[in-house]
Amino acid sequence: MYPPRSAPYLLLETSARRFPLADGLSWAVGRGDGCAVILDSRSVSRLHALIQKKDDGDFCLVDLGSRNGSFVNSKRVSIPLVLRDSDRLIFGDQELVFRNPVNSAPAVSTVSSGSRFEATTALHTHSLTTIAVADIRDYTPLARSVSEELLSQTLGTWFLRVGQAVQRQGSWAQKYIGDAVMAVWVHDDASRIGADLVRVLQAVAEIHEITTQLHTTLPLPRALRVGAGVNTGTAIVGGSDYTALGDTVNAAFRLETATKSIGMGIALGERTFTELHLAPGVPFVQRQVELKGYDKPSTAWATSFEELQQFLKGLSAPVHR
C-alpha cells in the first residue's frame, strides 16, 4: 500500500516502484538487504548513500563514500545536499526521482547563504588549512554484530550530528568516507589562526561526545569510540565539490591512524600545535609516530579526549564565530 500522495518518496521510473520516506529520520540507499531503498545493481554499493530528514523538515542526501558516487541533477554529491521536489538522483546506473509534493518550492544548499562555503567554489589555490579526520573505532566488528538496517541508521545519525557540529564550529566543508568524516577549515585571516584552531578542537571534542552517546538513543551493543587526527598546512582547496588535496590532508588521515598505536584519542600535527601557542603537556604530549608513506618518524602532539575536554573547559571564554 502506497503512502498518501502528499508524503515524500523516491520513484524508480524504470519499474514505477516507489520508496516511501514517511516514517523515520534516515533511509539507507544501496543493494544490501537492510537498506530501505534497495537497488538491484552491481554498480550500486551495498551501503551507497543516505536520505536524511532534518529537524526543519528538509530531506538531504549524503554519499557514504560509494565506489561510483551519488549524483543529483548530474552533479556529484560530496557534502550533504538538500533535495527539492523532482530532483533526479543517480546511484551507479540507477536513476530515481525525489518527490516531495508538499514542499515543492526551490530549496537551498545545506550551506546557508553568505556562509564561507561559497568562497570555496572560487578557490583553486594553495591555502593555509586545517584538516580534521574522525574515524569510528572498531567499525568492522560493529558491522558484523548488528543488522544492516541498524548500521545504516547509526551511520546516518552520526554523519548528520557530526556535520552539524563541525559546521557550528566554522568548518568550510565536510566529506564522508565510509566510517570517517573529514572536515576542512581554511584560515583566511592569519591573525585568527589560533582562535580557529580552538574551534577545531571544540569540534573534535563534540564529535567524541556525539559518538560515545549514540548507544543511548540507538540499540547498539556498546558505546562507540572515535579517534581523530588534526593537521595544519597548505592544501589545494576549491571546486564545486569543496575538494581539499595535498600532503596536509594525507597526514591528517595518517595522524588519526597513529592514535591507535600511541593509545591516545587525538593527535595533532606539529604545525597545528605550534599555532596554538601552548606549553608542552598542556594538554598535549609529544610523541614520535610512524606515518605510512613517510620516510622518517613524524612529531605528533597527542592527548585523550578527557584531557582535551578539561582543557577546553578551562579556557577563559568560549570562542564564538
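Every value quoted in this text rests on a predicted model; they were computed, and no experiment measured them.

Peer 1: Would you mind going over the overall build of the chain with me for this structure?
Peer 2: Helix and strand counts for the chain come out as seven helices and 19 strands. Sorting the 321 residues of the chain into buried and exposed places 53% on the buried side. In the chain, 60% of the contacts between residues at least 6 apart in sequence involve partners at least 24 apart. Accessible surface for the chain amounts to roughly 15000 Å². Of this, 50% is attributable to carbon and sulfur atoms.

Peer 1: Teacher, can you tell me more about the pairing of strand S2 (residues 17-20) here?
Peer 2: Look at any regular strand and the pattern is simple: side chains alternate between the two faces of the sheet. Alignment of strand S1 (residues 9-12) against S2, held across four bridges, turns out to be antiparallel. Looking across to S2, one finds that Tyr9 is bridged to Pro20. Counting the residues between successive antiparallel strands, the hairpin from S1 to S2 contains four residues, one of them, Ala16, with a positive phi of roughly 65°.

Peer 1: Whenever I open this one, the sheet that holds S2 confuses me. Can you help?
Peer 2: Strand-to-strand pairing in sheets goes through backbone hydrogen bonds, with the strands running parallel or antiparallel. Pairing in this open sheet of six strands is antiparallel, and the strands run S2-S1-S11-S10-S7-S8 from one edge to the other. A single partner strand is all that each edge strand has here, and the edge strands are S2 and strand S8 (75-76).

Peer 1: What's the story with the pattern of salt bridges in this structure? I'm lost.
Peer 2: If the charged atoms of two oppositely charged side chains come close together, the side chains can form a pair. One pass over the full model with this rule turns up nine salt bridges. Close ionic contact of Arg99 with Asp85 constitutes a salt bridge, the shortest N to O distance being 2.8 Å. With Arg99 in strand S11 (residues 94-99) and Asp85 in the loop between strand S9 (81-82) and strand S10 (88-91), this residue pair connects regions lying 14 residues apart in the sequence. We classify Arg99 as partly exposed; its relative accessible area is 26%. Connected via shared salt-bridge partners are Glu13, Arg88 and Glu95.

Peer 1: I'm lost on helix H3 (residues 148-168) in this one. Help?
Peer 2: Along an α-helix, a turn takes 3.6 residues, which lines up residues three or four apart on a common side. End to end, H3 covers 30 Å across 21 residues, agreeing with the expected 30 Å (1.5 Å per residue, within 8%). Here H3 starts with a cap whose side-chain oxygen sits 3.1 Å from the backbone nitrogen of Leu150, and that cap is Ser147. Gly170 sits one or two residues past H3 and shows a positive phi near 90°.

Peer 1: In this structure, what is going on with the confidence of the model for the chain? I would like to understand it.
Peer 2: A low pLDDT means the predicted coordinates there should not be read in detail. This prediction gives the chain a mean pLDDT of 85; 86% of its residues lie at or above 70. At the level of individual helices and strands, the chain shows its lowest average pLDDT in helix H1 (residues 117-120), which scores 40, and its highest in strand S17 (residues 266-269), which scores 98. In this model, residues 105-124 is a region of pLDDT below 50 whose contacts with residues beyond four sequence positions or in other chains number 44 contacts. Note on residues 317-321: pLDDT under 50 across the span, and nine contacts to partners over four residues away in sequence or across chains.

Peer 1: I tried to follow the packing of aromatic side chains on my own but got confused; where do I start?
Peer 2: Aromatic ring pairs are reported here in terms of the distance separating the ring centres and the angle at which the planes meet. Summed over all chains, the structure comprises five aromatic pairs. With a centroid separation of 5.6 Å and an interplanar angle of 50°, the aromatic rings of Trp158 and Phe159 are classed as tilted. Both residues of the pair, Trp158 and Phe159, count as buried. Between the aromatic rings of Phe273 and Trp301, the centroid separation amounts to 3.8 Å while the plane-to-plane angle is 5°, which identifies the pairing as stacked. Residue Phe273 is located in helix H6 (residues 270-276), and its partner Trp301 is located in strand S19 (residues 298-303); the two are separated by 28 residues in the primary sequence. In this structure, Phe273 and Trp301 share a single accessibility class: buried. One aromatic cluster in this structure is built from Trp27, Phe59 and Phe98. Here the guanidinium or amino end of Arg18 rests over the ring plane of Tyr9, the centre of that ring lying 4.5 Å away.

Peer 1: In this structure, what is going on with the sheet that holds strand S5 (residues 49-53)? I would like to understand it.
Peer 2: Spatially, the five strands line up as an open sheet ordered S4-S3-S5-S6-S9, and their pairing is mixed. Where the open sheet ends on each side, the last strands, each with one partner, are strand S4 (37-38) and S9. Note that strand S6 (residues 59-63) and S9 share two bridges and pair antiparallel. Looking at the pairing, Leu61 lines up with Leu81 of S9.

Peer 1: What is the right way to look at the nonpolar core in this model?
Peer 2: In summary, soluble globular proteins display a tendency toward joint burial of nonpolar side chains. Counting 52 residues, the largest nonpolar core has Trp158, Phe159, Leu201, Ile266, Phe284 and Leu308 as the members making the most contacts within it. Top contributing element to this core by residue count: helix H4 (residues 193-213), with 10 residues. Those residues in contact with Leu201, other than ones at most four positions away along the chain, are Ile266, Leu268, Leu276, Phe284, Leu308, Phe311 and Leu312. Formed by 20 residues, the second largest nonpolar core is a distinct cluster that contains Val37, Val44, Leu83 and Leu89.

Cut-offs used in this document
- Residues numbered from 1 in each chain as written.
- Predicted model: local features only at pLDDT ≥ 70, side-chain atom pairs only at ≥ 80, totals over all residues.
- Heavy atoms only, no water.
- Helix = DSSP H or I, 4+ residues; strand = E, 2+ residues; numbered from the N terminus.
- Buried < 20%, exposed > 50% of the residue type's maximum accessible area, 1.4 Å probe, protein only.
- Contact = heavy atoms within 4.5 Å.
- Areas by Shrake-Rupley, 256 points an atom, 1.4 Å probe, with all protein chains shown as cover.
- Pairing = 2+ DSSP bridges.
- Salt bridge = Lys/Arg side-chain N within 4 Å of Asp/Glu carboxyl O.
- Expected span 1.5 Å × (residues − 1).
- Polar contact = N/O pair within 3.5 Å; in protein donor to acceptor, adjacent residues only side chain to side chain.
- pLDDT = per-residue confidence, 0-100.
- Phe/Tyr/Trp six-rings, centres within 6.5 Å; stacked < 30°, edge-to-face > 60°.
- Lys NZ or Arg CZ within 6 Å of the ring centre and 35° of its normal.
- Core = buried A, V, L, I, M, F, W, Y, C linked by side-chain atoms within 4.5 Å.

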